[in-house]
Amino acid sequence: MRLLVKAPAKINLSLDILGKRSDGYHEIEMVMTTIDLADRLELVPLEEDRIEVTSQSRYVPDDQRNLAYQAANLLKTKFQIQQGVKISIDKAIPVAAGLAGGSSDAAAALKGLNQIWGLHLSTNELAQIGSEIGSDVSFCVHGGTALAQGRGEKISPLPTPPNCWVILAKPEIGVSTAEIYKNVNMKNVVHPNTKAMIKALKEQSYEGICNHLGNALEEVTLKMYPEVALIKEQMEKFGADAVLMSGSGPTVFGLVQHDSRLHRVYNGLRGFCSQVFAVRMLGH
Ligand SMILES: C[C@@](CO)(OP(=O)(O)O)[C@H](O)COP(=O)(O)OP(=O)(O)OC[C@H]1O[C@@H](n2ccc(N)nc2=O)[C@H](O)[C@@H]1O
Ligand SMILES: Nc1ncnc2c1ncn2[C@@H]1O[C@H](COP(=O)(O)OP(=O)(O)O)[C@@H](O)[C@H]1O
């Protein structure tokens, strides 16, 4: 049996930090959605009892540091699986970009191996196992659009946003999520209005979504990496309807509803940023 699984990236439409926890994590509240930019995993069972991970990207580890490896290993240990697997990752999502590429690969591996090894685990059970790998893995198991709470592992589904383009631009830097969270000063946090974002989604108000995009980590990353602020400015200048940094960054995304504007924003950014994508949100 050979299985192909898609692993889509996510963006954070809003990200709020409610406080610092005693376990080293932050209590957060995020509205997230999956987008049509995806890695592709090929899973092939091996006779030998070992996990093999390969990818064409030099930034992706091919050993136990790979989150897809960790997903396979966790299932093997929990369910005493004595079969191996070869995981080949065709990487399309930029690495260390705030787009949850690694987490989505882990989620895709969990879903695919659930099938290959006949484990019959539910989505909630897979999401629970995923949370042991990383805070964003639970959301990636569910996919779609959702509110994520706790350290990111408590998922409540939300309606798909109204149809629009998402233009992504990633500067030539990778950002460490841990480093950005470490530099958060709770006194300076600018809180987005999560309730208003949820209301906008429920009312299918594109304008409401644009008005309430907000990310409490943005200020920290922008201060450390001024090139991210520059991309934000450019995206606004070229006419995106609303612009925000995704997750801990450095990827910046802009929402655009009309095709005529899409080309202006996309081409404008291509001029000084090598990684630019124009995609749809998933669900359309
Ligand atoms: C910021 C976000 C927003 O979606 O995503 P990315 O920018 O990484 O894509 C997430 O909160 C990242 O989730 P994820 O990348 O899975 O984080 P983890 O591996 O669990 O944690 C990495 C480190 O980030 C910090 N961390 C993470 C989550 C959280 N709620 N509080 C934290 O303080 C901790 O220092 C932790 O050691
Ligand atoms: N399958 C994977 N794809 C990408 N990065 C991975 C993977 N597994 C582990 N990593 C490691 O995770 C780090 C964060 O990567 P990624 O998930 O792409 O970013 P982010 O947390 O910003 O969304 C990378 O620096 C990389 O070393």
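Residues numbered from 1 in each chain as written. Chains lettered and ligands numbered in written order. Predicted model: local features only at pLDDT ≥ 70, side-chain atom pairs only at ≥ 80, totals over all residues. Heavy atoms only, no water.

Peer 1: Residues and numbers for the environment of valine 256, please.
Peer 2: Relative to the helices and strands, valine 256 is located in strand 10 (residues 252–256). What makes valine 256 buried here is its relative accessible area of 0%. Once residues lying within four places of it in the same chain are set aside, the contact partners of valine 256 are Cys164, Trp165, Ile167, Tyr206, Ala240, Asp241, Arg261, Leu262 and Val265. (Helix = DSSP H or I, 4+ residues; strand = E, 2+ residues; numbered from the N terminus. Buried < 20%, exposed > 50% of the residue type's maximum accessible area, 1.4 Å probe, protein only. Contact = heavy atoms within 4.5 Å.)

Peer 1: Can you explain the site of ligand 2? Please cite residues and give values.
Peer 2: By nearness alone, 17 residues border ligand 2, and Lys91, Gly98, Ala100, Gly102 and Asp105 come closest of all. Across the complex, the protein chains shield 78% of the 540 Å² of accessible surface that ligand 2 would expose by itself. Among the elements that take part in the shell around ligand 2, helix 2 (residues 101–116) stands out by supplying three residues, more than any other. Considering only residue class, the shell around ligand 2 consists of nine nonpolar, five polar and three charged. (Near = heavy atom within 4 Å. Areas by Shrake-Rupley, 256 points an atom, 1.4 Å probe, with all protein chains shown as cover. Nonpolar A, V, L, I, M, F, W, Y, C, P; charged D, E, K, R; others polar.)

Peer 1: A description of the packing of aromatic side chains should follow, citing residues and the corresponding values.
Peer 2: Inspection of the entire model under this criterion finds zero aromatic pairs. Above the face of the tryptophan 165 ring, arginine 280 is positioned so that its terminal group lies 3.9 Å from the ring centre. (Phe/Tyr/Trp six-rings, centres within 6.5 Å; stacked < 30°, edge-to-face > 60°. Lys NZ or Arg CZ within 6 Å of the ring centre and 35° of its normal.)

Peer 1: Explain the UniProt feature "active site" (unreviewed entry) in the chain residue by residue, including any values.
Peer 2: Mapped onto the present numbering, the UniProt feature "active site" (unreviewed entry) falls at Lys10 and Asp136. In sequence the annotated residues extend across 127 residues, while in space they remain close, none of their C-alpha pairs exceeding 9.5 Å. Within the secondary structure, lysine 10 sits in strand 1 (residues 3–20). Ignoring any residue separated from it by four or fewer positions in sequence, one finds lysine 10 in contact with Met32, Thr33, Thr34, Ile35, Gly98, Leu99, Ala100, Asp136, Phe139, Ser246 and Gly247. Tracing the chain through its elements places aspartate 136 in the loop between helix 3 (123–130) and helix 4 (137–142). Leave out the neighbours within four places in its chain, and aspartate 136 touches Lys10, Met30, Met32, Ala100 and Ser103. (UniProt positions renumbered as here; feature names shortened; annotations may be inferred.)

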